[in-house]
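Tertiary structure, described
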Amino acid sequence: MNMSHRRIVNGLTCISAFILCVQDASANGERLAAFYKNQVDPHFALVHAGVDAAAKQLGATVTHYAPTRPNNLGEQLSQLEDVIVKKPDALVFMAIDPRGVVPAIEKVNGSGIPVINYNDRVAAGKFASVVVADDYNLGLDVARYLLRSIGGKGNVIILEGVKGSTTSDERVRGFHKALTEFPNVKVLASQPANYQRLQALQVTENLIQTNSNIDGVLAAADVMAFGAIEAFEAAGHKQTKIVGIGGVPESVEAIKAGRLLATSEFNGYKMGCIATMAAVRTVRKQAVPPNIIIKGVVIDKSNTTSFELPADKRQCPKWEEIVN
């Protein structure tokens with residue numbers, strides 16, 4: 001093959017794989033550290049998958065950190081110390097305790113590592129961007145859905161997340177706003193289950209024993225809704241309608257099976273993608289807004305199809321689709 005022929009072949013190869021050539025040219029090999037609250041909640045599995053997908057797309061590498069004991073603050077603080085020593089190019093962080101992590105985050109700030117805060121707002125510290133869901137409206141919309149479904153009257157209970165976390169506080173605030181629109185609905189109890197399935201099961205069992213007539217459950221996350229479902233099914237109260245917030249594949253299957261009435265889309269995969277993109281853009285000195293709000297929709301039997309894809313079949317949204 002002569003020299004000019006070789007140049008043509010090489011040129012055609014790059015044209016035929018144009019996208020790959022562009023990705024290789026922009027891949028700077030950034031090292032990221034990504035944090036999660038635990039290793040068991042399916043929501044965080046989707047977040048993890050979104051982080052990995054965006055990192056692969058952008059040519060970055062990720063070290064993942066999640067406590068071996070669910071939602072253990074001490075373990076998360078220890079992991080933050082490890083990050084300061086290893087000094088990645090950027091940190092993608094969600095807090096187990098939005099106030100308890102502040103001193104550790106300030107130490108990360110002092111080390112010069114840029115931080116993207118996602119999933120839950122941390123109470124203080126410096127962040128290149130904060131990527132969160134529209135939690136108030138997620139709670140408001142799914143609560144309205146439930147309250148209409150029970151005919152605008154009856155008794156409900158609320159399962160809160162972690163007290164003091166913005167996700168839980170804002171979702172519960174949305175629940176209460178919806179309740180003001182339905183004065184014939186009574187809240188029998190509002191108790192934290194700390195985003196844990198077993199705790200939600202136990203809390204619901206106790207409430208069933210003291211309240212024989214519960215028409216609906218407002219759960220601040222699907223993982224707690226699953227615990228409530230198990231409690232009502234065990235008690236033989238399958239008529240009680242339950243909603244959550246999340247939209248993980250297990251939620252979609254429960255909706256299709258009639259065990260869960262509806263859920264609000266808290267798209268962990270999309271959040272993982274966008275937070276990772278924000279981290280890489282920060283390192284590359286590209287524009288990143290200080291706040292990115294990811295909106296969601298109510299998922300019920302009418303629209304489950306688009307939410308059934310497993311994590312390994314999903315694709316990250318384009319940056320421009322989320323960030324205007």
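Provided above is the structure to which this section pertains.
Rules of the game
Residues numbered from 1 in each chain as written. Predicted model: local features only at pLDDT ≥ 70, side-chain atom pairs only at ≥ 80, totals over all residues. Heavy atoms only, no water. Helix = DSSP H or I, 4+ residues; strand = E, 2+ residues; numbered from the N terminus. Rg over C-alpha atoms; globule rule 2.2 N^0.38 Å. Buried < 20%, exposed > 50% of the residue type's maximum accessible area, 1.4 Å probe, protein only. Contact = heavy atoms within 4.5 Å. Areas by Shrake-Rupley, 256 points an atom, 1.4 Å probe, with all protein chains shown as cover. Pairing = 2+ DSSP bridges. Axes fitted to C-alpha atoms, helices over the stretch in contact; angles between N-to-C directions. Lys, Arg positive; Asp, Glu negative; His and termini not counted. Salt bridge = Lys/Arg side-chain N within 4 Å of Asp/Glu carboxyl O. Polar contact = N/O pair within 3.5 Å; in protein donor to acceptor, adjacent residues only side chain to side chain. Disulfide = S-S within 2.5 Å. Core = buried A, V, L, I, M, F, W, Y, C linked by side-chain atoms within 4.5 Å.

The subject of this paragraph is the overall build of the protein chain. Of regular secondary structure, the protein chain possesses 12 helices and 12 strands. A globule of 324 residues ought to have a C-alpha radius of gyration of about 20 Å, and the protein chain, at 22 Å, matches this closely. Taken over the C-alpha atoms alone, the protein chain extends approximately 85 × 45 × 35 Å along its principal axes. Taking all 324 residues of the protein chain together, the buried fraction comes to 49%. Of the contacts formed within the protein chain by residues at least 6 apart in sequence, a portion of 75% connects residues at least 24 apart. Entry remark: accessible area of the protein chain is about 14,800 Å², with carbon and sulfur atoms responsible for 53%.

Our next topic: the sheet that holds strand β3 (residues 90–93). Spatially, the 6 strands line up as an open sheet ordered β2-β1-β3-β4-β5-β11, and their pairing is parallel. Of all the strands in the sheet, just β2 (61–65) and β11 (291–294) have a single pairing partner and so form its edges. Between one strand axis and the next, the sheet turns through 15° on average, direction left out of account. Alignment of strand β5 (residues 129–133) against β11, held across 4 bridges, turns out to be parallel. Residue pairing for β11: Val131 is matched across the bridge by Ile292. Lying over the sheet, helix α4 (residues 73–86) contacts β1 (31–35), β2 and β3, oriented at roughly 175° with respect to β1. Here helix α11 (residues 268–283) sits on the sheet in contact with β1, β3, β4 (115–118), β5 and β11, set at roughly 165° to β4.

On to the side chain of Arg314, then. Within the fold, Arg314 resides in the loop between β12 (298–299) and α12 (319–322). In this structure Arg314 is buried but unpaired, with Glu265 as the nearest side chain of opposite charge at 6.9 Å. From its side chain, Arg314 meets the backbone oxygen of Leu309 in a polar contact 2.8 Å long. If sequence neighbours within four positions are ignored, Arg314 has contacts with Leu46, Pro249, Asn267, Tyr269, Phe307 and Leu309.

Looking now at the state of the cysteines. Defined simply, a disulfide is a covalent bond joining two cysteines at their sulfur atoms. Evaluation of the coordinates by the stated rule reveals 1 disulfide. The disulfide that involves Cys273 links it to Cys316, with 2.0 Å between the sulfurs. Between Cys273 and Cys316, the disulfide has an S-S torsion of -75° and is therefore left-handed. In this pair, Cys273 is assigned in helix α11 and Cys316 in the loop between β12 and α12, connecting sequence segments 43 residues apart. Side by side, Cys273 and Cys316 carry an identical accessibility label, which is buried.

Attention shifts here to the nonpolar core. With 87 residues, the main nonpolar core has Tyr36, Tyr118, Val131, Phe175 and Met224 as its most contacted residues. If you tally residues by element for this core, the top one is α11, at 9 residues. In contact with Tyr118, other than residues within four places in its own chain, are Ala34, Phe35, Tyr36, Val47, Val51, Val92, Phe93, Met94, Val131, Met271, Gly272 and Ala275. One finds Ala33, Val83, Phe93 and Val108 within the second-largest nonpolar core, a separate group that totals 16 residues.

Ordered in space as β7-β6-β8-β9-β10-β12, the 6 strands form an open sheet in which the pairing is mixed. With one partner strand each, in any of the chains shown, β7 (185–192) and β12 form the two edges of the open sheet. Where helix α7 (residues 166–180) meets the sheet, it contacts β6 (154–160), β7, β8 (216–219) and β9 (241–246), and its direction lies at approximately 170° from that of β6.

Such coordinate-based values are descriptive only and should not be taken to indicate function.
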